[in-house]
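# Topology and contacts: notes
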Amino acid sequence: MNAVPQTIVPETRHDEENALLEVRGLRTEFRAAGGTVCAVNDVSLAVRRGKVLGVVGESGSGKSVTARSILRMVPEPGRVVGGEVLFEGRDLLGLSEPNMRALRGSEIAMVFQDPQSALNPVLTVGYQVAEALIVHGVDRRTARRRALELLQQVGIPDAERRIDDYPYQFSGGMRQRVVIAIALAGSPSLLIADEPTTALDVTIQAQILRLLGRLRDELDIAVLMITHDMGVVAETCDDVVVMYGGRVVEQGPAEMIFSRQEHPYTADLLKAMPRMDEDGMRRLPAIPGAPPDPAALPSGCAFHPRCRLAEDECRTTVPELAPRGGTGQAAACWVTGRGAAIPPLDRAPADGGDRPGPGGTSLLSVENVRVNVASERRSLFGRPDPVYAVDGVSLSVAGGETVGLVGESGCGKSTLARTIVGINRPAEGTVRVGPDGVDAFTGAGTRPLRSTVQYVFQDPYASLNPRRTVRQSLGEALEMRGVPRGARAAEASELMRRVGLNEGYLDRYPHAFSGGQRQRIGIARALAVQPKVLICDEPVSALDVSIQAQIINLLESLRDDLGLGYLFIAHDLSVVRHLSDRVAVMYLGKIVETGPVDAVYSSPQHPYTVALMSSSPAPDTTARDRERIVLTGDLPSPKNPPSGCRFRTRCPIGPLTHPERRICAEEEPPLAETPHGQLAACHFASEMAVLS
Amino acid sequence: MIRFLLRRLPSVVFVLLTTTVIAFLLPRLAPGDPAAVAAGPEATQQQIAAIRAEMGLNRPLVEQYFDWLGGLLTGNLGESYQFHRPVSELIGARLGSTVELTVAATLIMIVAGVGVGVFGGSARSRLSRFTADATSTGMLAMPPFLAGLLLVILLGVTFRVLPISGEVAVLDDPVIGLQYLVLPAVALAVPMSGGIAMLVQSSMDNAWRQDYVDLAVAKGVGRRRITARHVVRNSLGPAVVAIGIRFGEMLAGAVVIEMIFARNGLGQLAVSSVQSADYNVVQVIIVGAVVIAVVVQLLTEIAMATLDPRVRLGV
Amino acid sequence: MTTDTETTSGAARRESGGAVRRYLAALRTPRGAIGAGLLGLLVLLAVLAPVLFPGGYDDQGDNALAGASGAHWMGTDELGRDIVARTIFGLRTDLTLLLTAVPASAVIGTLMGLAGVISRWLGAGMQRLLDVILGFPGIVLGMSVVLVLGTGWSALFVSILVIGLPLFGRQARAGLQVEQEREYVLAARVLGVRRRTVLTRHVLPNIVDPIVVNAAVYMVVAVFIEAGLSIVGLGIQPPIPSLGAMLNTGARYLEVHPAYVMGPGLVLLLLTLAFTLLSNALNKAVLRR
Amino acid sequence: RSAVEESGQGGGATKPVRGGTLVTTVAAEPVPGAYFTGRPGNIFWCRNVLETLLILDENDKRIPLLATEWSLSEGNQTFTAKLREGVTFHSGRPFTADDVVFSFEREMAGDGLASFNGAMEGWQVKATGEHEVTITSPRPLQEIVWPILDVTPIIDKETYQGLDDGSKVIGTGPFVWSSYQAGTELKMTRNDSYWADGLPYLDGVEITVIKDSTAELAALRSGRVQIAGGLSTVDTQTITSGDSFDLVAHHGLLYGMGFDVSQPPFDKVDLRHAVAYAIDRDRINNQVMGGLASSPSLPWGEDATGYPAELANTYTYDPDKARQLVQKAGATGAQFTIALHNQPVPRRIYEIIARNLSDVGLRPSPRELSIADFEPLRSTGKLGPAYLIWSATAGLPPALMVDALTELRPSGNSQNYSDEKYARLAQALIDSSDESTTATRLRALSQKVLDDAFFVPYSITPITNARASSVRDVVIGRYGRTFRTAYLAK
Ligand SMILES: Nc1ncnc2c1ncn2[C@@H]1O[C@H](COP(=O)(O)OP(=O)(O)OP(=O)(O)O)[C@@H](O)[C@H]1O
Ligand SMILES: Nc1ncnc2c1ncn2[C@@H]1O[C@H](COP(=O)(O)OP(=O)(O)OP(=O)(O)O)[C@@H](O)[C@H]1O
Ligand SMILES: [Mg+2]
Ligand SMILES: [Mg+2]
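What this report covers is the structure whose coordinates are included nearby. (Residues numbered from 1 in each chain as written. Chains lettered and ligands numbered in written order. Predicted model: local features only at pLDDT ≥ 70, side-chain atom pairs only at ≥ 80, totals over all residues. Heavy atoms only, no water.)

## Some details on the overall build of chain A
A count of helices and strands for chain A gives 24 helices and 24 strands. Compactness check: chain A gives a C-alpha radius of gyration of 26 Å against a globular reference of 26 Å for 692 residues, within 12% of the reference. Based on the C-alpha atoms only, the size of chain A along its principal axes is roughly 75 × 65 × 50 Å. In chain A, which comprises 692 residues, the share counted as buried stands at 61%. Sequence-distant contacts, at least 24 apart, represent 68% of the contacts inside chain A between residues at least 6 apart. Surface exposure of chain A reaches about 25,900 Å², of which carbon and sulfur atoms provide 49%. (Helix = DSSP H or I, 4+ residues; strand = E, 2+ residues; numbered from the N terminus. Rg over C-alpha atoms; globule rule 2.2 N^0.38 Å. Buried < 20%, exposed > 50% of the residue type's maximum accessible area, 1.4 Å probe, protein only. Contact = heavy atoms within 4.5 Å. Areas by Shrake-Rupley, 256 points an atom, 1.4 Å probe, with all protein chains shown as cover.)

## Some details on the site of ligand 2
Residues and elements named next belong to chain A. Surveying the vicinity of ligand 2 reveals the residues V373, A389, E408, S409, G410, C411, G412, K413, S414, T415, E538 and P638. In this structure, an oxygen atom belonging to ligand 2 sits 3.0 Å away from a main-chain N or O atom of G412. Summarising the interface, the protein chains cover 58% of the accessible area of ligand 2, which totals 630 Å² for the free molecule. Broken down by element, the shell around ligand 2 gets its largest block of residues, 3 residues, from helix 14 (residues 413-420). For the shell around ligand 2, the residue count by class is 4 nonpolar, 5 polar and 3 charged. (Near = heavy atom within 4 Å. Polar contact = N/O pair within 3.5 Å; in protein donor to acceptor, adjacent residues only side chain to side chain. Nonpolar A, V, L, I, M, F, W, Y, C, P; charged D, E, K, R; others polar.)

## Here we look at the state of the cysteines
Applying the stated rule across the entire model yields 0 disulfides over all chains. For the unlinked cysteine C307(A), the closest cysteine sulfur is that of C333(A), found at 6.0 Å. (Disulfide = S-S within 2.5 Å.)

## Here's the deal with the site of ligand 1
Residue and element names in this part refer to chain A. Around ligand 1, 16 residues are found, and the nearest of them are S59, G60, K63, S64 and V65. Here an oxygen atom of ligand 1 and a side-chain polar atom of K63 are 2.9 Å apart. In the environment of ligand 1, an oxygen atom lies 3.2 Å from a nitrogen or oxygen atom belonging to the side chain of E195. Look at ligand 1: alone it shows 630 Å² of surface, and the protein chains cover 68% of it. Residue assignment for the shell around ligand 1 shows that the elements contributing at least two residues are strand 2 (35-48) and helix 1 (63-70). When residues of the shell around ligand 1 are assigned to their parent elements, the largest contribution, 3 residues, is made by helix 1. Across the shell around ligand 1, the residue classes tally to 7 nonpolar, 5 polar and 4 charged.

## Topic: the sheet that holds strand 18 (residues 453-456) of chain A
Residue and element names in this part refer to chain A. As summarised here, the arrangement of the 8 strands in space is 18-19-20-15-21-22-24-23, forming an open sheet in which the pairing is mixed. The open sheet has two free edges, formed respectively by strand 18 and strand 23 (672-673), since each of these has just one partner strand. Direction of pairing for strand 15 (residues 402-406) relative to strand 20 (residues 565-570): parallel, over a ladder of 5 bridges. By the bridge assignment for strand 20, L405 is matched with I569. (Pairing = 2+ DSSP bridges.)

## Notes on helix 9 (residues 211-219) of chain B
Residues and elements named next belong to chain B. A large share of helix 9 lies buried, amounting to 8 of its 9 residues. For helix 9, the set of buried residues is Y212, V213, D214, L215, A216, V217, A218 and K219. Trailing helix 9 by a residue or two, G220 shows a phi angle of about 95°, which is positive.

## As for the interface of chain C and chain A
Chain C puts 33 residues into the contact, and the matching count from chain A is 49 residues. Interface area for chain C against chain A, summed over the two sides, is near 3,700 Å², with a carbon-plus-sulfur share of 50%. Across the pair R201(C) and E476(A) runs a salt bridge whose closest N-O atoms are separated by 2.5 Å. Linking chain C with chain A are 10 residue pairs in polar contact (both at pLDDT 80 or more), by the criterion used here. Going through the elements one at a time, helix 1 (10-14), helix 2 (19-28), helix 8 (183-191) and helix 9 (195-231) of chain C are the ones with two or more residues in the side of chain C that touches chain A. Of the residues assigned to the side of chain C that touches chain A, the class counts are 11 nonpolar, 11 polar and 11 charged. (Buried area = accessible area lost by both parts, 1.4 Å probe. Salt bridge = Lys/Arg side-chain N within 4 Å of Asp/Glu carboxyl O.)

## Focus on a nonpolar patch on the surface
Together, V43(C), L44(C), V47(C), L48(C), V51(C) and L52(C) make up a nonpolar patch on the protein surface, roughly 500 Å² of accessible area in all. Relative to the helices and strands, L44(C) resides in helix 3 (residues 30-52). (Patch = residues over 30% accessible without salt bridge, like charges linked within 9 Å, V, L, I, M, F, W, Y side chains within 5 Å.)

## As for the interface of chain C and chain D
Facing 25 residues of chain C, the contacting portion of chain D comprises 18 residues. In this assembly, chain C packs against chain D so that about 2,000 Å² is buried in total across both faces, 46% of it on carbon and sulfur atoms. Our count for the chain C to chain D interface comes out at 2 salt bridges. Of the charged contacts, one joins R81(C) and E351(D) as a salt bridge, the two residues approaching to 2.5 Å between their closest N and O atoms. Our count for the chain C to chain D interface comes out at 2 residue pairs in polar contact (both at pLDDT 80 or more). By residue class, the composition of the side of chain C that touches chain D is 9 nonpolar, 8 polar and 8 charged.

## Topic: unusual backbone geometry
Omega for the bond connecting E76(A) with P77(A) falls within 30 degrees of zero, at -5°, which places this linkage in the cis form. Note that P77(A) resides in the loop between helix 1 and strand 4 (78-87). Residue P200(D) is reached from L199(D) by a cis peptide bond, and omega for that bond is -10°. Mapped onto the fold, P200(D) is located in the loop between strand 9 (185-190) and strand 10 (204-209). Look at D158(A): it is not a glycine, yet its phi comes out positive at around 60°. Here D158(A) lies in the loop between helix 5 (140-153) and helix 6 (159-162). Residues other than glycine seldom take positive phi values, yet N368(A) does so here, at roughly 50°. Tracing the backbone through its elements, the reader meets N368(A) in strand 13 (residues 362-372).

## Here's the deal with the sheet that holds strand 12 (residues 329-331) of chain A
All names here are of chain A. Reading across from one edge, 6-7-8-3-9-10-12-11 is the order of the 8 strands in this open sheet, with mixed pairing throughout. The outermost strands of the open sheet, each flanked by one partner alone, are strand 6 (108-111) and strand 11 (322-324). In this sheet, neighbouring strand axes are inclined to one another by 20° on average, regardless of whether the strands run parallel or antiparallel. Note that strand 7 (residues 190-194) and strand 8 (residues 222-227) share 5 bridges and pair parallel. By the bridge assignment, I192 is partnered in strand 8 with L224. Lying on the sheet, helix 7 (residues 172-184) is in contact with strand 6 and strand 7; it crosses strand 6 at an angle near 170°. (Axes fitted to C-alpha atoms, helices over the stretch in contact; angles between N-to-C directions.)

Next up, the structure:
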């Protein structure tokens, strides 16, 4: 590798005197037996007082390590090997450990990604909040009083009573609030939030983001917000730093970056994201390849193997982060540095123009299915009460058609999908498969079910047996289709080509593949039995944006080539919009709205759909100030769902705001047709048109 | 808590009942004739026959079982063939000795095991971690009887500082009694402490990697306090379980240790009863050992529940 | 259509395919290397015992309870037999016992744990049975076995086998429950692969690892059981030596002839140490990936 | 304080001293129910609580206790004894001739695990005065009456049932049974109204059960106990090689091997002879018995009346001869089990014998049995092809042994051996009423035992105990010590 030019923070920094935190030339390495990984390489950034700096980048780009380096919390065997971290003028890297400890929590606080594990399960939340004060010298009584205030401040309802509860008694969103309360305890001037909402649902994410925004305004805290979601950045950040392969590739004020990208990576990344306001008539412009392994970074510009503008220089020399256009923006790219503009990416139309419309006959139909997920173990007191995770759902999928299924985590999407393929048994209702509508749960239905419907799993790491080669995994599927042993090799190669993988990889084990590649293998396995319908359970939610686009494109082309029908489960509304012909919105085991995708997205009729849509962040700073409906509270438990309309406990137009609407609590609204052509289950459906 | 105990009740009852069935069947599975054994070596055939009738061995098995079980429940544990004494008396006379031994060993095990474990789990220098590792591995690999023999050679024969045989009840004379107790208790506790130490250390290592430790660091909590409040607290659960499970092993180990240190405890009684096929005694000891093991297991779970709120509230 | 460039993430690289390779990885750690080396040495000694000591273990002589000498490195026992020879033959007995009884226990225990596959009731019944066995403190169970079978090899074998069942049975059941919910298992079921095939192809190989680790852990316990029963006089029958039986007799001559206890004691300690180290290493390498 | 120091002990003086408690330890537990026979666990209490008419010490000297004088008459078929007056039981009840009659009747009825009741068949025991009893027997008594008197303590007819479980143990002895924990501990206190004035010297005697020889040794050495019964010979020798402990050897145990002569392979007398030649008796003596044993071919003690010393060494270690005999019997490679007690000494003997037998071409394997399992099989002759026994009958008069030792009984023996000539010879010995006839008849019987070799003795070993030198004047009987005159020297 060439000598790294000593990149300094770009000279043209606005409000330089305003910087609360300034990181200069930070390098953090992990020394392991296999060699040294430079996870953070010459990173410089600045957080202004009272402002939000967003750090974005795909998985492994070094965001978390940067954050931890600032607080000197790099895990073993990591070491900060260079650079400066100036906080209010002091270099944190030079502080003694006791001084550093005094500073953590009191001046700089941190919020972690996973609220499930960030709280100590055996201590009460109140204690955990108070501890943050106690260690900084506050006496117990005062600390507890302050803890209560803080819990109230972050919006824990009924905080007096819940202060002595344990973390597991809280929902994910509530826990994240507690974590934020802990962070606020020492009245810090800087809050580092490492993907604070990634593990949460959009509705909860909106709540948390709103909370963070409020706190910033009220307490004037500066925030370093780490995220991989451009939408979150667009909605919350003042400044942006884009990271790739351990380096900053572009930085600048948020509006500038979203309006004009100076680095091809930023530009392509934004384009690769499906958008809620665009239909899916064209393929997504995916960035080829996958993010680099920090242990083996490409020489020169780390992005060059995937860059459509790459030149020879890019392959050999690392570009400097240089200011662009005097607006505080800076980028590290040789090509754009010479003034070349990034050519607009023409979105390729779907292969062969418009795709064939969905075939008319339904290949899969679910009728009134209810699924009981209560454990079947008998206790001393007889069987436990049933828990219907899916409570009377009907839908159908035709050949070549994509039906999107969206809803919050825990609403029963996976349970429905698993029931369709026979992993769970329905308590009531039927699943019919094939053109003849054979009942899948009769003896005669098993075969048609297997050959008609296949499943693509969410987690590409868990869905392949680590002990079996790709050939073995595919071979098993081919065997099920009845392909004779001799013909399997050829078929397997054909499948690999089909999903865009090199057939030479057939004899490798799954661990040798990246997440995106594994997902392709999972798709290939599902295709091996030549199904008519694929059930995709969040197939892209575990993948990086650039890989997500590749997989979506793959699914689309398969659908068009093979005439497959999809039941596509996702919680990302824009992905569903991009892919689907029809969409169903699920809430607590029931479908609350369903209909053609355009109708639902352009004029949602159910308040829940509206709330979901307005909670989804859009990667566009101009949409920042749009009117938004943020739901309160959490998804109730399917163990005892609310009476009447299940959504009434959170509904913005229900009894919460209109106490006179008693019907919502008394009567369950049926799925009824609306003027726009979709079905919605709301007593006051027409009202939403006004709101949206 | 009560709900929790109720939930465990059926399986506990099942285990105990099955144990009584097994214990009851043992003499009937064994090759010897219990009546002949009871009658003693010099008995004639008629005497044996008379005894068989007296013992009720001619009656249907099920009836015999329920009689026996009824006896157990009402405290009528039968009579030893060997000593012609009520089993309850034999056991009563030896219970104290074994309880002393196991309680002392358990205390040592908890102190040494948790001590070494916490030391290893909170140590940062390579040397201290290695020391902790080596200590716990060594202890784990050391069988109690070998530890006992080595202690006898070292402290009882070479340097005579502690008595190596016999016993004096601690309650009668604490100073002397404790001296008699030290060596056997240490010998018994050694391997168990090794296991506990390893467990504590590895669950502490695990706890150190948890996100809540990161959060505590980010809060500004010092390392000592993190160890005490966050890491140790979360690591004691597995240790408590292990201590509970090892209590059964402790009873088993006591058998051998009592032999070596000439303590007249239940272990000795068990061995001599097995050697002389004194079934009535063996049966009661088996049932008793299982009852104790099960009860300790339950206590363990209760302790777990106090340590970990998730267990307590049945999540 | 695009093709992924080939990259693997760090996390992905850590889990790996070949089972043998992972077990070998365990041997490359210091613990694993020492443990395996030690065990290898002991096994070698045991195997070569008849060659090293052509006189066998029962070569009685007039010179009883003699101290160390050129002919007898650790002296002789009460019947004038070489203690070293008897120790090594005792090791042979122990190893034979361990290496047959422990695997038998592992296999039977695993099958009991997996019985739930055949029917839920059978599985639950087996678990209860294992609970009962678990309730018995080890040596007490061993004594019960001795009561029924009399002392000797078969009683030791059965004791070790039975005492280990809950360890393996519970492990297998827990593994089964986890593995059955794995996505790749569900994937196979969705494909329509038969239950038995799913079990043998996807579930079992992934249960094997913890079972192997537990078997190594249990080896130590099994040594304790053999020695424990032998020490209280319920072990193997003379004149065949076992480490425990030698300790039992040797303890009678603790004063006149400490080497009598030290020899078998040391070998026993090395044996348990080897298995302890090995199980630690396996545990780290195989289970905590 | 230190437990090690506290139990330390002082040096010696010679005059009897009053006071002190003697602490003893035994490896086997006391069995109060076995009052008419010997048990290793009973040696330290039985003769101190339950007294006999007379006691035979280790030299077979008759020491009068409850009988003051005695005589034999009518062709040695009548025995008369004068009883001591002024003796009371521990309960306070005076001792009379009726108590003696009662005790003998219980014994003949087989109570108290009586083992000589076979030899007492036909006895008439009568009170011929308040303090005189007369025994009349259909057979001569001069040989057998002494050991029978020695084994027969006088028990209290009011409480004798309490003897079975030790709940009530009442006798006339110098010590009173005071506290008992079955299997672990027994305490006796001085009988203040003992018939001999000033005796006993000791305030009390304690017995603790320590099953492990090494632990017993440690207890001795630490001074916690003063006498140990049941130490292994090696341990006894270890401790008595210093100067503060004495080795006490007395009476004896007979070790031998029996065969089921009704079944192959030991239905062939040649094979039995082979075994008799194959056993390395010296090795057994040196390596198991500490060199203290004798290695006779005959079961009788050397001081038996008319002992045929020239036959005593008929069988000596001769593996070559043994091998030939094995071949002659066609039994080379024969496999069989040898039953034995699961105790250390029998195990070691087994190891030597098994080695000896495999050296001559046989293939024995062990069958270990607990005493409780072993004895019923022994009394019913079901121990299998061969077995090893040990018996406390060593040194008893042969006329008594042929009934008392199961292996020598003419019928109902453990070897399923029945031979008319043997039965006749045995009965003749029993019926002999004078020394010279006894001698000729014993020789004839001995020859028959050697020829048929249905029971092969290989060792007669004195019972050894270790005793602190400070313990003086203990009377050693076959069935127990009496500490009536014992004292602890300061
Ligand atoms: N404990 C560690 N040991 C070794 N390498 C590490 C460790 N933690 C991080 N790394 C390396 O640093 C790189 C960057 O990690 P980092 O966690 O900062 O990524 P990130 O941008 O936060 O990604 P994500 O979105 O997945 O959280 C990783 O790819 C990895 O190679
Ligand atoms: N085996 C089970 N036992 C108990 N409850 C279950 C079980 N499976 C699912 N549930 C419950 O059913 C509800 C629906 O779960 P499901 O996994 O179908 O949700 P989902 O919509 O797929 O959520 P996500 O977006 O997180 O994947 C949840 O509340 C869950 O707790
Ligand atoms: Mg991260
Ligand atoms: Mg799901």
